[in-house]
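A closer look at the structure
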Amino acid sequence: MIQDKANTPAAARFGWSDLFEAWGGLAALIGLAAFCALFPATREHFLNPENIRNIIHQNAFIGIIAVGMTFVIISGGIDLSVGSMAALIGGLSILAMNQVIGLTESPVGVYPPIKYLIGANVSEGLGVVCACAVAPPIGVALGLLNGVLITKGRIAPFIVTLGGFAGYRSIILAIADGGEVRSGSFSLFEAVSSPRHGIPLPAFEFGERTLELYITWPIIVFLLIAIVGQVALSHTRFGRYVIAVGSNETAARYSAINIDRVRMVAYALIGLCTGVAAVLLASRLNSVGASNTGNLFELDAIAAVVIGGTRMSGGRGRIWGTVCGVLILGIIDNMLLLAEVSAYWQGLVKAGVILLAVLLQRSRPA
Amino acid sequence: MREPILTIADLTRDYPAVRAVDRLSLTINRGEVHGIIGENGAGKSTLMKMLSGLERPTAGSITFAGQPLHLRSASDAMRVGIAMIHQELNLIGELSVADNIFLGRERTTLGLVDRGAAETAALKLLNQLGSNISPRTRVSRLSIADQQLVEIAKALSCEARLLIMDEPTAVLSERETLALFRVMNQLRLQGVTIIYVSHLLPEVRRLCDRITVLRDGRFVKTVEPREASESDLAQLMVGRDLGDLYPARSPHGAEKVLEARNVFVDGFVRGAGLDLHRGEIVGLAGLVGSGRTEFAEAIAGLRRRRGGSVSVKGAPVRLRRPIDAVRCGIAYLSEDRKTRGLHLDLNVVENTTLANLRAYGRYLLDRGALRRSAQSHAQRLGTRCGRLSQRVSSLSGGNQQKVALAKWLDTRPEVLLLDEPTRGVDIGAKQEIYQLIHNLAAEGRAILMISSEMPELIGLCHRILVMRQGRIVGALAGERATEGDIMHLAAGVREARVA
């Protein structure tokens with residue numbers, strides 16, 4: 001009977017493609033890591049805990065943004081403005097910090113020389129706290145701006161965020177006069193993203209050396225945001241609404257979901273993530289280069305999301321997949337570096353991995 | 001007797017849930033205008049799709065101009081001389097009239113499109129149809145009637161010998177309709193055969209040489225207009241007895257749960273109103289395009305209301321968003337299950353609970369509770385699904401409809417607006433849905449049931465309202481109404497006889 005054939009449950013037709021669709025990201029990550037651990041050119045250094053820690057640390061910045069990107073893409077949107085936004089917010093947070101340090105240092109003028117009352121370290125500390133405090137709200141505001149233009153202005157997400165991509169970059173270039181925004185902090189700000197700060201692991205022997213590793217703040221923030229993100233996606237009303245809107249906007253509207261609000265919150269969320277990543281990024285180099293900070297972050301973040309098995313047209317996705325995607329991209333860079341392959345080849349290898357990951361995880365046509 | 005151009009023998013088309021066309025045999029003569037009428041779901045569209053190459057028959061044969069016909073695509077059909085004018089026109093708005101007429105068959109000179117030749121040829125075709133549209137006009141600037149003419153010109157340009165028109169007048173004004181009929185008469189004189197699908201009985205009788213009635217995918221009768229009155233045709237379209245398909249009516253309460261007055265929706269509803277009482281099932285009949293869906297959607301907060309008022313249990317309510325209606329206890333089940341009613345690639349649990357997620361936890365959703373809730377709804381409605389984590393796209397039409405219903409029952413509504421609740425559902429599931437509607441009413445809910453299937457309205461409803469052109473044109477008592485009464489009101493044959 002025709003009817004029965006059409007109604008066979010999917011489970012009855014189990015195949016490799018189902019398995020890959022569900023676990024492809026993780027499988028690729030494990031496969032790639034195993035390859036690096038065995039391949040002669042990379043074997044020696046790859047498995048060094050410090051190397052692995054560094055991979056995660058260096059990619060945490062993109063990773064934080066990619067978590068936000070996962071929500072936006074699942075909701076059926078895209079955000080191309082995150083790289084420029086990160087540069088702008090990083091620059092603004094440094095300016096805010098310098099303002100605080102400058103004010104407290106000013107020996108004359110309206111403000112009392114607080115520095116001499118509270119000590120130089122304290123004034124620098126206040127500045128760093130200020131930088132960390134202003135970045136996330138600026139991110140939320142910029143994200144909301146994108147969201148409002150997309151939902152109320154009815155402009156395609158691609159166009160709106162392409163505007164942000166050009167616009168935010170232009171603002172920070174103007175502010176920095178094409179150069180960089182330098183931090184006025186001597187050492188405290190750098191400590192936020194330094195590999196030598198964070199939560200210390202107990203010292204242990206590796207080979208002939210004793211390693212004293214820190215789980216750095218960017219790693220901790222990345223993991224926290226990823227966990228919160230996964231919980232928000234699969235265990236909250238908002239997460240369900242994001243999936244519903246991305247899967248079928250009309251049906252979501254007919255289910256009495258306020259689709260504009262859902263989409264706006266998704267953009268505010270990626271703004272928040274970008275703000276957090278921006279201040280970490282600024283502290284990493286203790287400055288923001290107006291023309292290069294955050295360059296191509298949007299593409300790396302999108303690549304990580306796609307490698308993680310999130311559907312580009314929305315409606316389906318997972319945060320842990322994105323985390324795998326971020327790590328896969330990081331391992332590729334690391335692998336090529338260790339194998340002493342020219343950095344120019346990185347793009348091609350990445351391209352191959354992205355296509356392969358999507359090929360393996362594509363769902364069968366319904 | 002004239003020579004036949006198209007002979008259909010024992011044609012059958014099965015879909016997963018239904019047999020849309022059932023051993024249909026039919027002969028169409030060269031140069032006639034042949035009307036095909038039937039209720040929604042009688043198999044008209046499926047038949048037309050098979051004739052124009054969009055669907056393939058499951059069994060049976062079609063002979064066209066003496067040759068057996070095996071169409072694989074619409075372009076196959078065009079090659080043998082069969083063209084279909086769809087209700088939604090297939091033109092590209094940004095291209096000119098001439099470009100559209102010769103789309104895919106551009107005349108070229110040295111590899112370049114020869115605009116001049118195309119425009120001359122287009123002009124000739126349009127003149128032949130008595131139209132003075134310029135071939136250079138952009139199609140998006142034309143009226144719907146003129147666009148239809150362009151479609152017809154396009155069909156003639158590939159020398160169509162059989163033209164299939166699917167409810168062409170549904171979108172036309174009176175004057176445009178008359179103009180179209182003139183064109184069709186002219187085509188008939190030129191030897192073109194026309195199959196004319198419609199459910200507007202007066203114009204079918206006026207225009208067609210012969211009329212074939214379909215019902216439930218089967219051939220009922222072919223008649224000539226002078227042999228059958230409109231009432232006879234209506235009788236042929238609906239005549240059947242499904243008496244015990246419906247549960248017995250139980251008496252309803254006196255309390256007015258929903259009151260809508262003078263509702264206006266731009267372009268669709270012009271001052272419609274209704275009352276629903278506790279425990280009452282009210283039917284809303286009307287042809288496609290009568291504004292019944294838009295009326296219900298306005299009450300559900302899905303469409304902007306231009307005027308009028310809605311009260312729930314005597315208190316006026318503002319319905320600006322869908323969520324406002326849900327909070328007032330109003331639930332609307334869409335007629336379009338696949339794109340509006342359900343998220344096909346989400347699973348049974350996700351769909352069932354989507355409209356009422358607030359009830360499952362302040363911050364974090366209680367996934368166990370979501371599951372239990374979906375389970376209990378599935379049990380009550382008799383939804384047959386292997387696992388609750390199954391995507392609803394893999395369920396049959398009837399089971400999908402039960403999930404869509406469960407989504408709204410989960411919001412604990414007092415008023416249910418059900419738009420075509422049994423569309424695309426097999427007869428067994430239909431009967432279960434009727435029983436469910438009956439039970440929901442018996443529990444004290446007020447129900448508005450919109451349907452194109454008159455027997456189910458007559459079998460189930462306490463009252464039946466008929467809508468035409470955005471207005472309620474009549475109310476009939478459920479147990480006394482006949483399909484003829486409804487059809488007359490809906491098609492505007494006779495003035496309202498208020499019960």
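These numbers come from a predicted model, not from an experiment.

**Details of the interface of chain B and chain A**
In this complex, chain B contributes 39 residues to the contact, which on the side of chain A involves 31 residues. Interface area for chain B against chain A, summed over the two sides, is near 3000 Å², with a carbon-plus-sulfur share of 52%. For the pair chain B and chain A, the interface holds one salt bridge. The interface formed by chain B and chain A contains 11 residue pairs in polar contact (both at pLDDT 80 or more). At the level of elements, helix H10 (322–327), helix H11 (337–341), helix H12 (348–353), helix H13 (367–381) and helix H14 (397–409) of chain B are the ones that each hand at least two residues to the side of chain B that touches chain A. Its residues placed into classes, the side of chain B that touches chain A shows 17 nonpolar, eight polar and 14 charged.

**Concerning the pattern of salt bridges**
All names here are of chain B. Scanning all chains against the criterion turns up 38 salt bridges over all chains. In this structure, Asp-14 and Arg-19 form a salt bridge, with 2.7 Å as the shortest nitrogen-oxygen distance. Accessibility expressed as a relative area gives 17% for Asp-14, which makes it buried. Linking Arg-292 and Glu-420 is a salt bridge whose minimum nitrogen-to-oxygen distance equals 2.9 Å. Of the two residues, Arg-292 sits in helix H9 (residues 292–299) while Glu-420 sits in the loop between strand E19 (415–419) and helix H15 (427–442), which places them 128 residues apart along the sequence. Taking relative accessible area as the criterion, Arg-292 reaches 3% and is therefore assigned buried. Ionic contacts of the salt-bridge type, sharing partners, join the residues Asp-14, Arg-19, Asp-22, Arg-23 and Arg-218 into one network.

**Concerning the packing of helix H10 (residues 217–235) of chain A against helix H13 (residues 259–285) of chain A**
Residues and elements named next belong to chain A. Where H10 contacts H13, the two axes come as close as 11 Å, and the packing angle between them is 170°. Regarding the angle of H10 to H13, the classification is roughly antiparallel. Touching Pro-218, Val-221 and Ile-225 of H10 are Cys-273, Val-276 and Leu-280, all from H13.

**Let's talk about the confidence of the model for chain A**
Residues and elements named next belong to chain A. Averaged over every residue, the pLDDT of chain A is 86; the share at 70 or more is 87%. This stretch, residues 1–13, has a pLDDT under 50; its non-local contacts, to residues over four places away or in other chains, come to 14 contacts. In this model, residues 106–110 is a region of pLDDT below 50 whose contacts with residues beyond four sequence positions or in other chains number four contacts.

**Focus: a nonpolar patch on the surface**
Residue and element names in this part refer to chain A. Taken together, Leu-145, Leu-149, Ile-155, Phe-158, Ile-159, Leu-162 and Phe-165 make up a surface patch of nonpolar side chains, about 600 Å² in accessible area. Elements that contribute at least two residues to the nonpolar patch include exactly helix H7 (120–151) and helix H8 (157–175). Here the nonpolar patch takes four residues from H8, the largest share from any one element. Considering the arrangement of structural elements, one finds Ile-155 in the loop between H7 and H8.

**What about the domain arrangement of chain B?**
Under the domain assignment used here, chain B contains domain 1 (4–238) and domain 2 (243–491). Computed over C-alpha atoms, the centres of domain 1 of chain B and domain 2 of chain B are 35 Å apart.

**Regarding the packing of aromatic side chains**
Summed over all chains, the structure comprises five aromatic pairs over all chains. Ring geometry for A:Phe35 against A:Phe39: centres 5.0 Å apart, planes inclined by 20°, an arrangement best described as stacked. The class for A:Phe39 is partly exposed, based on a relative accessible area of 35%. Taking 4.9 Å as the distance between ring centres and 45° as the angle between the ring planes, the aromatic pair formed by B:Tyr246 and B:Tyr434 counts as tilted. Separated by 188 residues along the polypeptide, B:Tyr246 in the loop between helix H8 (230–238) and strand E13 (256–265) and B:Tyr434 in helix H15 bring together distant segments of the chain. Summarising the burial analysis for this pair, B:Tyr246 and B:Tyr434 share the class buried.

**Some words on a positive patch on the surface**
Taken together, the side chains of A:Arg261, B:Arg318, B:Arg320, B:Arg321, B:Arg327 and B:Arg358 define a basic patch exposed on the protein surface. With respect to the helices, strands and loops of the structure, B:Arg358 is situated in the loop between H12 and H13. Overall, B:Arg358 belongs to the partly exposed group, its relative accessible area being 41%.

Criteria and thresholds
Residues numbered from 1 in each chain as written. Chains lettered and ligands numbered in written order. Predicted model: local features only at pLDDT ≥ 70, side-chain atom pairs only at ≥ 80, totals over all residues. Heavy atoms only, no water. Contact = heavy atoms within 4.5 Å. Buried area = accessible area lost by both parts, 1.4 Å probe. Salt bridge = Lys/Arg side-chain N within 4 Å of Asp/Glu carboxyl O. Polar contact = N/O pair within 3.5 Å; in protein donor to acceptor, adjacent residues only side chain to side chain. Helix = DSSP H or I, 4+ residues; strand = E, 2+ residues; numbered from the N terminus. Nonpolar A, V, L, I, M, F, W, Y, C, P; charged D, E, K, R; others polar. Buried < 20%, exposed > 50% of the residue type's maximum accessible area, 1.4 Å probe, protein only. Axes fitted to C-alpha atoms, helices over the stretch in contact; angles between N-to-C directions. Parallel < 35°, antiparallel > 145°, perpendicular 65-115°, else oblique. pLDDT = per-residue confidence, 0-100. Patch = residues over 30% accessible without salt bridge, like charges linked within 9 Å, V, L, I, M, F, W, Y side chains within 5 Å. Areas by Shrake-Rupley, 256 points an atom, 1.4 Å probe, with all protein chains shown as cover. Domains from an automatic or database assignment. Phe/Tyr/Trp six-rings, centres within 6.5 Å; stacked < 30°, edge-to-face > 60°. Lys, Arg positive; Asp, Glu negative; His and termini not counted. Charge placed at Lys NZ, Arg CZ, Asp CG, Glu CD.

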